[in-house]
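Residues per chain are reported as follows:
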Amino acid sequence: MTPFCSHSRHQPRRLRRHPAMRRMLREYHLSPADFLLPIFLVEGEGIRKEISSMPGVFRHSIDSALRFCGEAAARGISGVLLFGVVDSSRKDPRGSLSWAPEGLVQRAARAIREHHPELLVIADACFCEYTSHGHCGVLDIHGDRDDSATLENLQLQALSYAEAGVDIVAPSGMADGMVMAIREALDSARHENVAVLSYAVKYASAFYGPFREAADSTPGFGNRRGYQMDPANRREAFRELQLDLEEGADMVMVKPAAAYLDIIRDVRERCDFPVLAYQVSGEYSMLQAAAQAGYLDLRDSVMESLLAIRRAGADAIITYYAMEAANWLD
Ligand code: PBG
């Protein structure tokens, strides 16, 4: 250690004693603008139904989602990430409902754009909520994902989102070439202003469990390890990152967050583009369950987790706690 950093009489406690001293010297801060709120949409009216695996998170019909968006905007949250949850009778092997001009996400995006223009509207671009088999794209005869067919559909989906007025398309299916396919489709239809947030570094994680119940997107057979990343890999994240940036991603995401703070830090140091992190459903449900059992203080543990994600290097955080955290910051 150099003499400039320390001296024999240094006592760290002197800088921690007074609350104003702690506040003054705090290195990282959270603000409501750092948060993006995921919203699960369902057809119908007046629906606000709690998701059993995620107590405190609801599926909303569009009217209810609009009210929720109003609260999010009032609290200074930057945007919402939309997921459509559709009836299984309307699913098909390609997930074609996902690019219907009058689809759930498309209608919700238009309504949010109209009523809450201050919010960023982000659409998750994937197929698992819409395919009858629950995988993130089209499958070939062996049951493997057919990436080129998937990319064509992804272009249709991204265009339908752009036409509905979304600000950011966020491909989450980990299909090779997905960012370039989306960028090309958007640009050729004069949607140059729509940004692409790539789920560039997305691990095949057990922490998505509660989401799959929430979005009704559990694969009917097999798992997603054929296209999502192996949790044991670090260098692979750099290759994923590089590819997506070369393909034209405007922002990149690391997902999940809590168990991958090292990867968030790595990605932050490797690129100058904005890095987002997704505090996923399993992270939410763990904290929620522990707090309900009385093992943890919810507020303190949520804020500590969010701060850790920020400290690791995330510019913004997608979190089911966006509303609560924004409130607690007041
Ligand atoms: C869709 C998608 C998933 C999540 C976000 N987009 C599920 C998955 O990949 O299985 C997970 C989000 C969460 O767990 O909160 N592909």
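Computed from a predicted model, the values in this text were never measured in an experiment. (Residues numbered from 1 in each chain as written. Predicted model: local features only at pLDDT ≥ 70, side-chain atom pairs only at ≥ 80, totals over all residues. Heavy atoms only, no water.)

Colleague: What should I look at first to understand the side chain of serine 61 in this one?
Modeller: Inspection of the secondary structure puts serine 61 in the loop between strand 3 (54-60) and helix 2 (62-74). Within polar-contact distance, the side chain of serine 61 engages the backbone nitrogen of glycine 46 at 3.2 Å. Polar side-chain contacts of serine 61 include one of 2.5 Å to the side chain of aspartate 63. Filtering out sequence-adjacent residues up to four positions away, serine 61 remains in contact with Val42, Gly44, Glu45, Gly46 and Ile47. (Helix = DSSP H or I, 4+ residues; strand = E, 2+ residues; numbered from the N terminus. Polar contact = N/O pair within 3.5 Å; in protein donor to acceptor, adjacent residues only side chain to side chain. Contact = heavy atoms within 4.5 Å.)

Colleague: What's the story with the environment of serine 172 in this structure? I'm lost.
Modeller: Positionally, serine 172 belongs in the loop between strand 6 (168-171) and helix 5 (178-188). Residues serine 172 and cysteine 128, 44 residues apart in the sequence, show an inter-C-alpha distance of 9.9 Å. Apart from the residues lying within four places of it in its own chain, the contact partners of serine 172 are Asp124, Ala125, Cys126, Tyr199 and Lys202. Side-chain polar atoms of serine 172 contact the side chain of aspartate 124, separated by 3.1 Å.

Colleague: What exactly am I supposed to notice about the pairing of strand 3 here?
Modeller: The side chains of a regular strand alternate between both faces of the sheet. Inspection of the sheet shows strand 1 (residues 35-41) paired to strand 3 by two bridges, in the parallel sense. Paired with leucine 41 across the strands is histidine 60, a residue of strand 3. Where strand 2 (residues 48-51) and strand 3 come together, four bridges link them in antiparallel fashion. The residue bridging arginine 48 from the neighbouring strand is histidine 60, located in strand 3. The hairpin formed by strand 2 and strand 3 contains two residues between the paired strands. (Pairing = 2+ DSSP bridges.)

Colleague: Explanation requested: the side chain of lysine 91 in the structure shown.
Modeller: Within the element layout of this structure, lysine 91 appears in the loop between strand 4 (79-84) and helix 3 (104-115). In this view, lysine 91 contacts Val86, Glu129, Tyr130, Thr131, Ser132 and Asp216; residues no more than four positions away in its chain are not counted.

Colleague: Sorry, what's going on with the site of the ligand here?
Modeller: Around the ligand, the surrounding shell holds 18 residues, and the nearest of these are Lys202, Arg212, Lys255, Ser281 and Tyr320. Note that a nitrogen atom of the ligand is positioned 3.5 Å from one of the side-chain N or O atoms of aspartate 124. Within the side chain of tyrosine 320, a nitrogen or oxygen atom sits 2.6 Å from an oxygen atom of the ligand. Relative to its free-state accessible area of 400 Å², the ligand is covered by the protein chains to the extent of 100%. Under a 2 Å grid-point criterion requiring more than half of the atoms, the pocket assigned to the ligand is the largest cavity. (Near = heavy atom within 4 Å. Areas by Shrake-Rupley, 256 points an atom, 1.4 Å probe, with all protein chains shown as cover. 1 Å grid on protein atoms, 1.4 Å probe; cavity = no way out; pocket = protein on both sides within 12 Å on 5 of 7 lines; lining within 4 Å. Sits in = over half its atoms within 2 Å of the grid points.)

Colleague: In this structure, what is going on with the nonpolar core? I would like to understand it.
Modeller: Most often, soluble globular proteins have nonpolar side chains that are buried together. Membership of the largest hydrophobic core comes to 104 residues, with the highest contact counts inside it found for Phe40, Leu82, Val201, Val267 and Tyr278. When neighbours within four sequence positions are excluded, phenylalanine 40 is seen to be in contact with Ile51, Met54, Val57, Phe58, Arg59, His60, Phe83, Val85, Phe211, Ala214, Ala215 and Tyr320. (Core = buried A, V, L, I, M, F, W, Y, C linked by side-chain atoms within 4.5 Å. Buried < 20%, exposed > 50% of the residue type's maximum accessible area, 1.4 Å probe, protein only.)

Colleague: What exactly am I supposed to notice about the packing of helix 7 (residues 235-246) against helix 8 (residues 261-270) here?
Modeller: Two numbers describe a pair of packed helices, the interaxial angle and the distance between the axes. Viewed as axis vectors pointing N to C, helix 7 and helix 8 meet at an angle of 45°, and their least axial separation amounts to 10 Å. Here helix 8 runs oblique to helix 7, going by the angle between their axes. Seen along the crossing, helix 7 lies across helix 8 with a hand that is right-handed. Only Ile263, Asp266, Val267 and Arg270 of helix 8 make contact with helix 7, whose side of the interface consists of Ala237, Phe238 and Leu241. Class assignment for the residues of the contact of helix 7 with helix 8 results in five nonpolar, no polar and two charged. (Axes fitted to C-alpha atoms, helices over the stretch in contact; angles between N-to-C directions. Parallel < 35°, antiparallel > 145°, perpendicular 65-115°, else oblique. Left-handed = near helix turned anticlockwise from the far one by under 90°. Nonpolar A, V, L, I, M, F, W, Y, C, P; charged D, E, K, R; others polar.)

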